[in-house]
Number of protein chains: 2
Amino acid sequence: MKQLWLFSQINSDLQRVEKELTKFVETDYPILQDSAVHLLAAGGKRLRPAFTLLAGKFYGYSLEKLIPVAMALELIHMSSLVHDDVVDASMTRRGRPTVKANWGNIVSVQTGDYLLAKSLMLISKIDHPEVARILAEISVEMCQGEIQQIKCSFDVEQNIKQYYYRIKRKTALLISACCRLGAIVSGAPRRQVWALGAYGHSLGMAFQIVDDVLDLTAKAAEFGKPVGGDLRQGIMTLPMILALKSSTNPAHLKTLLRKVDKTDEEVLETIGLINNTGAIDEAMHLVDLYVLKAKRHLQDLPQVPTRKALEELAEFIRVRKF
Amino acid sequence: MKQLWLFSQINSDLQRVEKELTKFVETDYPILQDSAVHLLAAGGKRLRPAFTLLAGKFYGYSLEKLIPVAMALELIHMSSLVHDDVVDASMTRRGRPTVKANWGNIVSVQTGDYLLAKSLMLISKIDHPEVARILAEISVEMCQGEIQQIKCSFDVEQNIKQYYYRIKRKTALLISACCRLGAIVSGAPRRQVWALGAYGHSLGMAFQIVDDVLDLTAKAAEFGKPVGGDLRQGIMTLPMILALKSSTNPAHLKTLLRKVDKTDEEVLETIGLINNTGAIDEAMHLVDLYVLKAKRHLQDLPQVPTRKALEELAEFIRVRKF
């Protein structure tokens, strides 16, 4: 698992979450076991557990209370990734073939269901009833975000509002929940819970926009998935929407964007056109605004080292290249 | 919705559950709305809500407490049906799956996720923490049952133990949960909760065996789905396993059973061969044993009209033709 230096506060605790996760998804079923472990091994940044633990440090840091929450959130995240892979027909995630590529849709669906069911086992044992309610509401919203994404695929008339609707549900709500729940189970007062939730929300929005920018600009090897995946799947992201606004030949760009089976050349051409409009810089400017918003929310929190870690995390999300 | 006369005790309450369900799955998303409503309209027998309500009548019948439980259980059931419908997308066009080719699966996955998320909203608000824990455990088991089914598809060497493992998870556990949870939220004492759960478990096993028998013997029009579906999908059911044991030409039967793309003639031939072995009668005898077991558990319950209704329900499951 890639360790980010700014997680030094919680490195060993994150490793503990990792270890518990691996043990927890163990099953007698080789198919499930292999695909679940496969997902875990693909690593990811484990951002969500990190947010959860960091948010728990402001009041009364209790690792034993935070670990099940962090695990549950990561399982929900992994479950949604696996189900998205059925939806998106993407073949690799972080450079490794997805569960779907290896074993078909059925196993993807069942693996996702299994991971979610495991998260429910954890959630059902958490002593704060609010946790289950918050996660249930978010799950519904996440579904609605996914459905909107399906509905809007290859729709070149989308506007920014629709994009924000989607990324809020796809990414920001869960990251916000990580922060809120970490604070709640640590007994933090309402005001802190709210501030951390708002921080997580703004940062989640920034994170997804950067992700969408990188999908068009990253070097494939660093990114862990083929560049231009969103273009191929017809997912209209912020840079594309902004590019259409400022393009000198929007009709041509629309034609490319709405084309369902793009060739590699067409993908590259589209990326080039988007870059030429300055849409990338515009998108990154919006990232900056969200990161600023996130940092402002941190000002409602006590001045402890963890607050600095969260500020650095916000900064990292802004400048990351993967 | 088909009304069974033996539900006369709870007819109007079942209608209330139906009404609440329809309202509850409403969403602004036509895709989700259409498929969710489609599922509801397909009706089904609403057995699970019926079990829940009936089980709630032994101690302190509180409809307001029972309705969310009944709804949640039916939503979990519908979610699992939808996910079971996801089939492996065949690869098209230069070995890459197209987005459009996945459409049916995409909507199935998201609809199932949505229904499950909605059930979680209900579950998270129920005042008995035990409810969430029981449902979480069952969800994990149900996943393992589904995965076993995938793993064992077209495997003609399966034994009865593997079959029972599967139908316990696929059907019996959830029906058992309906009875247990109906009793729990009605404040029933432990002994009654246990007895009702055991009744539900045995009846669930009987129910699934009958379902599997009907898949080979029913008239399609009554059954509501094409006959021989299990044969086509390679789901090895009890009659098939028993038929192999008593067949005079098991090798030929195995060849047919393991054939992946059976013609209609082959399906009919296989059904004929199975019928010739007496496996159907044998399976129905095992149904009788389970129904007897279920009725015996009812003897731990007070002699109230509802107990008679549950006995009649057990009998109905034994003799039903659809």
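What you see is a predicted model; the values in this text were computed from it and never measured.

(A) Structural detail: the relation of the copies chain A and chain B. Least-squares fitting of chain A to chain B yields an RMSD of 0.1 Å, with the transformation described by 0.1 Å of translation along the axis and a rotation of 180°. One copy is carried onto the other by what is essentially a two-fold rotation axis. Across chain A, the rotation axis passes nearest the C-alpha of V109 of chain A, at a separation of 3.5 Å. Both copies share a contact surface, since 87% of the interface residues of chain A are interface residues in chain B too.

(B) How the structure looks around the interface of chain A and chain B. Facing the 45 residues of chain A at the interface are 46 residues of chain B. Here chain A packs against chain B, burying approximately 4,200 Å² in sum over the two surfaces, 74% of which is carbon and sulfur. Looking only at chain A, the three residues that lose the most surface to chain B are Y29, Q110 and I147 of chain A, adding up to 15% of its buried area. Applying the counting rule to chain A against chain B returns zero salt bridges. If you list the elements that add at least two residues to the side of chain A that touches chain B, you get α2 (30-41), α4 (63-88), α5 (99-123), α6 (129-151) and α10 (229-233) of chain A. For the side of chain A that touches chain B, the element with the most residues is α5 of chain A, which contributes 15 residues. For the side of chain A that touches chain B, the per-class residue count stands at 24 nonpolar, ten polar and eleven charged.

(C) Molecular detail of the confidence of the model for chain A. When pLDDT is averaged along chain A, the result is 88; 89% of the residues meet or exceed 70. Interface predicted TM-score (ipTM) for the complex: 0.89; the corresponding pTM is 0.91.

(D) The arrangement of the pattern of salt bridges in detail. Residues and elements named next belong to chain A. Tallied over the full model, the rule gives 32 salt bridges over all chains. The salt bridge involving E130 is made with R190; its shortest N-O contact spans 3.0 Å. Of this pair, E130 sits in helix α6 while R190 sits in helix α8 (residues 190-217), placing them 60 residues apart in sequence. Residue class for E130 comes out partly exposed when judged on its relative accessible area of 23%. With its nearest N and O atoms 2.9 Å apart, the salt bridge here joins E266 to K259. Judged by its relative accessible area of 18%, E266 falls in the buried class. Given the relative accessible area of 33%, K259 is considered partly exposed. Salt bridges linked by common partners bring R16, E20, K23 and E64 together as one network.

(E) Spotlight on helix α13 (residues 264-276) of chain A. Residue and element names in this part refer to chain A. The first and last C-alpha atoms of α13 sit 19 Å apart over 13 residues, in line with the 18 Å expected at 1.5 Å per residue. Taken together, the buried positions of α13 are E266, V267, T270, I271 and I274. Seen end-on, α13 carries its buried residues on one side only, within an arc spanning 140°. Away from its buried face, by an angle of more than 90 degrees, α13 presents the exposed residues E265, L268 and N276. Elements in contact with the buried residues of α13: α8, α10, α11 (238-246), α12 (250-258) and α14 (279-298).

(F) Expanded view of the side chain of K262 of chain A. Residues and elements named next belong to chain A. Looking at where K262 falls in the secondary structure, it is placed in the loop between α12 and α13. Despite its burial, K262 pairs with no opposite charge; the closest candidate is E266, at 7.3 Å N-O. Within polar-contact distance, the side chain of K262 engages the backbone oxygen of L257 at 2.9 Å. Beyond its immediate stretch of four places on either side in the chain, K262 contacts F154, L231, R232, L256, L257 and V267.

(G) Here's a closer look at the side chain of T171 of chain A. Residues and elements named next belong to chain A. Along the chain, the position of T171 falls in helix α7 (residues 160-185). A relative accessible area of 4% places T171 in the buried class. A polar side-chain atom of T171 sits 2.5 Å from a polar atom in the side chain of Q208. Not counting chain neighbours up to four residues away, the residues in contact with T171 comprise R48, G204, F207 and Q208.

(H) Local environment of the packing of α11 of chain A against α14 of chain A. Residues and elements named next belong to chain A. Direction vectors running N to C along α11 and α14 enclose 125°, while the axes themselves pass 8 Å from each other. Classified by the angle their axes make, α11 and α14 are oblique. Seen along the crossing, α11 lies across α14 with a hand that is right-handed. Here α11 contributes L238, P239, L242, A243 and S246 to the contact with α14, which in turn contributes A279, I280, E282, A283 and L286. Per-class residue counts for the contact of α11 with α14 are eight nonpolar, one polar and one charged.

(I) Examining the packing of aromatic side chains more closely. The tally for this structure, following the rule as stated, stands at six aromatic pairs over all chains. On the basis of an interplanar angle of 70° and a centroid distance of 6.3 Å, the ring pair of F51 of chain B and Y199 of chain B is categorised as edge-to-face. Placement of the pair is F51 of chain B in helix α3 (residues 47-55) and Y199 of chain B in helix α8 (residues 190-217), with a sequence separation of 148 residues. Looking at Y199 of chain B, the relative accessible area reads 0%, which means it is buried. Ring-pair connections join several aromatic residues into one group, and the members of that group are Y163, Y164 and Y290 of chain A. K57 of chain A extends its terminal NZ or CZ atom over the ring of Y61 of chain A, reaching a point 4.0 Å from the ring centre. For the cation-ring pair, K118 of chain A lies above F24 of chain A, with the distance from its terminal atom to the ring centre recorded as 4.2 Å.

(J) Unusual backbone geometry, seen in detail. With a phi angle near 65°, F154 of chain A is a residue other than glycine that sits in the positive phi range. Counting through the fold element by element, F154 of chain A comes out in the loop between α6 and α7.

How each quantity is defined
- Residues numbered from 1 in each chain as written.
- Chains lettered and ligands numbered in written order.
- Predicted model: local features only at pLDDT ≥ 70, side-chain atom pairs only at ≥ 80, totals over all residues.
- Heavy atoms only, no water.
- Least-squares fit on C-alpha atoms with pLDDT ≥ 70 in both.
- Contact = heavy atoms within 4.5 Å.
- Buried area = accessible area lost by both parts, 1.4 Å probe.
- Salt bridge = Lys/Arg side-chain N within 4 Å of Asp/Glu carboxyl O.
- Helix = DSSP H or I, 4+ residues; strand = E, 2+ residues; numbered from the N terminus.
- Nonpolar A, V, L, I, M, F, W, Y, C, P; charged D, E, K, R; others polar.
- pLDDT = per-residue confidence, 0-100.
- Buried < 20%, exposed > 50% of the residue type's maximum accessible area, 1.4 Å probe, protein only.
- Expected span 1.5 Å × (residues − 1).
- Arc of directions from axis to C-beta.
- Lys, Arg positive; Asp, Glu negative; His and termini not counted.
- Polar contact = N/O pair within 3.5 Å; in protein donor to acceptor, adjacent residues only side chain to side chain.
- Axes fitted to C-alpha atoms, helices over the stretch in contact; angles between N-to-C directions.
- Parallel < 35°, antiparallel > 145°, perpendicular 65-115°, else oblique.
- Left-handed = near helix turned anticlockwise from the far one by under 90°.
- Phe/Tyr/Trp six-rings, centres within 6.5 Å; stacked < 30°, edge-to-face > 60°.
- Lys NZ or Arg CZ within 6 Å of the ring centre and 35° of its normal.

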